[in-house]
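Structural description and commentary
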Amino acid sequence: MSMSVNTNELSAGVNKVASLFGDCETATSGVVEVLGGMTSAAGHPGLTSALTGFTESSAKALLSTGKALTFIAAGLKQNATEYAKTESSNTSNINAAGPHGAR
């Protein structure tokens, strides 16, 4: 069984994951705006309190998801860099060994 890593695809994944962070920011703003509007319109102290708490916990959850995506993207970037370095080093070592060194 052979393992192969396409560093270009891994690097492209960094941008895809990083763009999800922007989606989380957009979703967080939307959730806070909608729930804030509902809270203002509720008029009932218990419902207002519940909506306020839900708004806060929803915003925290979405922001935590964004932080996790940032961490994942950083890991992907580091992995892509390390794979590229290893691939380059292996190529240099094979070339240095010459045509007879790869037997």
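Now for a quick tour of the structure. Within each chain, residue numbers correspond to sequence positions counted from 1 in written order. Local features are withheld for residues below a pLDDT of 70 in this predicted model, meaning they are given only at 70 or higher, and side-chain atom pairs are given and counted only at 80 or more; totals for whole chains, interfaces and linings count all residues. In computing side-chain values, all of the structure's heavy atoms are included and hydrogens and water are not.

Description of the packing of helix H1 (residues 7-42) against helix H2 (residues 45-97)
Just so we agree on the cut-off: Only the contacting stretch of a helix is used when fitting its axis, a line to C-alpha atoms as for every element, and angles between N-to-C directions run 0 to 180 degrees. The helix count covers DSSP runs of H or I at least four residues long, the strand count covers runs of E at least two residues long, and both are numbered beginning at the N terminus. Each angle gets one of four labels, with under 35 degrees taken as roughly parallel, over 145 as roughly antiparallel, 65 to 115 as roughly perpendicular, and the rest as oblique. Note on residue classes: Ala, Val, Leu, Ile, Met, Phe, Trp, Tyr, Cys and Pro are nonpolar, Asp, Glu, Lys and Arg are charged, and everything else, Gly too, is polar.
Interhelical geometry of H1 versus H2 gives an angle of 170° and a closest axis separation of 8 Å. On the basis of the axis angle, H1 is roughly antiparallel to H2. Partitioning the contact of H1 with H2 into residue classes produces 26 nonpolar, 14 polar and 2 charged.

Details of H1
Given 3.6 residues per turn, any residue in an α-helix points the same way as the ones three and four places further on. In plain terms, the rule: Working rule for helices: expected span equals 1.5 Å times residues minus one. Working definition: with a 1.4 Å probe on protein chains only, accessible area under 20% of the residue-type maximum means buried, over 50% means exposed, and in between means partly exposed. Here, residues are in contact when the closest pair of their heavy atoms is within 4.5 Å. Distance and chemistry together define a polar contact, namely a pair of N or O atoms within 3.5 Å, with one atom able to donate a hydrogen and the other to accept it when in protein, and with adjacent residues in sequence counting only for side-chain atoms on both sides.
With 36 residues, H1 should cover 52 Å at 1.5 Å per step; its first-to-last C-alpha distance of 52 Å lies within 8% of that length. Restricting attention to buried positions, one finds in H1 the residues Thr7, Leu10, Gly13, Val14, Val17, Cys24, Thr28, Leu35 and Thr39. Where H1 is buried, its residues contact H2. Where H1 begins, the side chain of asparagine 6 points an oxygen toward the backbone nitrogen of asparagine 8, at a separation of 3.0 Å. Following H1 by one or two positions, glycine 43 adopts a phi angle in the positive range, close to 75°.

Re the pattern of salt bridges
Inclusion rule: Take a side-chain nitrogen of Lys or Arg and a carboxyl oxygen of Asp or Glu: if they are within 4 Å of each other, that pair is a salt bridge.
Here the structure, examined in full by the defined rule, presents 1 salt bridge. Between lysine 85 and glutamate 82 there is a salt bridge, and its shortest N-O distance comes to 3.8 Å. With lysine 85 and glutamate 82 both in helix H2, this residue pair falls 3 residues apart, about one helical turn. Note on lysine 85: relative accessible area 51%, which makes it exposed. With relative accessibility at 40%, the residue glutamate 82 sits in the partly exposed group.

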